[in-house]
Structures are given as structure tokens and as C-alpha cells.
Amino acid sequence: MKFILTKELGRLCKWLRIMGFDASYFPEAEKRELIIKSLQGERVILTRDSKMAVYSGIRMLHIKSDFVKEQVRQVVAELNIKPDRNKFFTICVICNTPLKKVKKSDIKDKVPPYVYQTQDSFMRCDVCERIYWQGTHWTNVGEFFDKLKIN
Ligand SMILES: [Zn+2]
């Protein structure tokens, strides 16, 4: 399942990407553009905007809460998603590009020395060149989902 989110849902978008979902986010786009993009990409629109018009053929979920944990919970429950921890951190949180495994030796100069010494598995985004590893943010993500009790 792929998503497109309206501008007020930037944090939810980040969490969907952390879970490994393809989630588009165009904070500058007009609603009409988002609808066209959702149809072209077969994406479910997630929005806080209860006035967003519903057209036939569009899948849309109106997000009820302002709190990101509740938002994640609602998406998972109402769209019947099964978060798979094996897919976590497979998509760039910044730019929604699938990450690629990189050799440790290739990123030696690009991560802090402590990280280089203590981590063995690294992923890189080819578009924005951000590097990911299973460090503290991974633990935080685990706690986030433990608290949600959705996985
Ligand atoms: Zn990226």
C-alpha cells in the first residue's frame, strides 16, 4: 500500500517511511494536484482536512487525531496494515527513496567514528546520500511501536 499525505501530516509521513512504506509528501502542492498524484500512483490519500472533497475512485482516509501516535494507530487499524519490522528503515525518511545496503568500508568517512566502530550494517539513500544504521533511533522506533502495541 502506498500513500500520499497532505501538508499537515509531515510527522505521520515520516513514521510511515520508517515502517518501510512508500509515502509521498508534497507540502507545497494544491489539493487538486495531490488527487491527481494519488490516482496516478494508486496512492491512498491521508489527510486531516475533513473538507477535502471525495471523488469516485479515490481512496482517502480522514485522520482524526493531531497526535502522531494516534495517527499511526488509526492508519494501521483502519487500513488493516501489518507493520513488518523486517521492512523498517528500508525507505529514506527524508526523501522516500528505497535504501541500499552499503559496504562498511565505503562509508568510513561519512559516519561518526564511534558509529563506525560499533555498527556493522549500513544502508544509504542514493538520492540524498543520508546513511542509516541500527543505532539509537532504531531502539526509539522499537519503543514507539511497543507502546502502540500494534506489532
Ligand atoms: Zn534520501
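Basis of the calculations
- Residues numbered from 1 in each chain as written.
- Predicted model: local features only at pLDDT ≥ 70, side-chain atom pairs only at ≥ 80, totals over all residues.
- Domains from an automatic or database assignment.
- Pairing = 2+ DSSP bridges.
- Helix = DSSP H or I, 4+ residues; strand = E, 2+ residues; numbered from the N terminus.
- Axes fitted to C-alpha atoms, helices over the stretch in contact; angles between N-to-C directions.
- Right-handed = clockwise from strand over helix to strand, strands pointing away.
- Core = buried A, V, L, I, M, F, W, Y, C linked by C-beta atoms within 7 Å.
- Buried ≥ 20, exposed ≤ 12 C-beta atoms within 10 Å, placed from the backbone.
- Contact = placed C-beta atoms within 7 Å.

Chemist: Sorry, what's going on with the domain arrangement of the chain here?
Modeler: As a measure of interface size, the accessible area lost when the parts come together is often cited. Split into domains, the chain comes out as domain 1 (2-86) and domain 2 (95-133). For domain 1 versus domain 2, the distance between C-alpha centres works out to 28 Å.

Chemist: Sorry, what's going on with the sheet that holds strand E5 (residues 100-102) here?
Modeler: Working definition: the strands of a sheet are paired by backbone hydrogen bonds and lie parallel or antiparallel to each other. Pairing in this open sheet of three strands is antiparallel, and the strands run E5-E6-E7 from one edge to the other. What marks the edges here is a single partner per strand, and that holds for E5 and strand E7 (131-133). Put simply, the sheet's adjacent strands are angled 40° from each other on average, direction ignored. Note that E5 and strand E6 (residues 122-124) share three bridges and pair antiparallel. Of the residues in E6, the one forming a bridge with Val 102 is Phe 122.

Chemist: Which parts of the structure should I look at to understand the pairing of strand E1 (residues 2-5)?
Modeler: Relative to strand E3 (residues 43-47), E1 is paired through four bridges, and the arrangement is parallel. Across the sheet, the residue bridging to Phe 3 is Val 44, located in E3. Pairing between E1 and strand E2 (residues 23-25): three bridges, direction parallel. Counterpart to Ile 4 in the pairing with E2 is Ser 24. Note that the unit made of E1, helix H1 (residues 10-18) and E2 has a crossover that is right-handed.

Chemist: Would you explain the nonpolar core in this entry?
Modeler: Generally speaking, a soluble globular protein has its nonpolar side chains buried in company with each other. In terms of nonpolar packing, the biggest core is built from 24 residues, with Phe 3, Leu 5, Leu 12, Cys 13, Leu 16, Ala 23 and Leu 46 touching the most fellow members. Of all the secondary structure elements, the ones that give two or more residues to this core are E1, H1, E2, helix H2 (31-40), E3 and helix H3 (68-78). In terms of residues, this core owes the most to one element, H1, which gives five residues. With sequence-adjacent residues up to four places away left out, Phe 3 is seen in contact with Leu 16, Phe 21, Ala 23, Ser 24, Arg 43, Val 44 and Leu 46.

Chemist: Help me understand the environment of Lys 149 in this model?
Modeler: You can see Lys 149 is positioned in the segment after helix H5 (136-148). Sequence separation between Lys 149 and Arg 73 is 76 residues, and the spatial gap between their C-alpha atoms is 9.0 Å.

Chemist: Quick question: what am I supposed to make of the sheet that holds strand E4 (residues 60-62) here?
Modeler: Spatially, the four strands line up as an open sheet ordered E2-E1-E3-E4, and their pairing is parallel. Of all strands in the sheet, those with a lone pairing partner are E2 and E4, marking the two edges. The sheet shows a mean angle of 25° between the axes of neighbouring strands, taken without regard to direction. Contacting E1, E2 and E3, H1 runs over the sheet at an angle of about 150° to E2.

Chemist: Would you explain the environment of Leu 16 in this entry?
Modeler: Along the polypeptide, Leu 16 turns up in helix H1. Separated by 25 residues in the primary sequence, Leu 16 and Gly 41 have C-alpha atoms spaced 17 Å apart. Those residues within four positions of Leu 16 in sequence are excluded, and the remaining contacts are Phe 3, Phe 21 and Ala 23.

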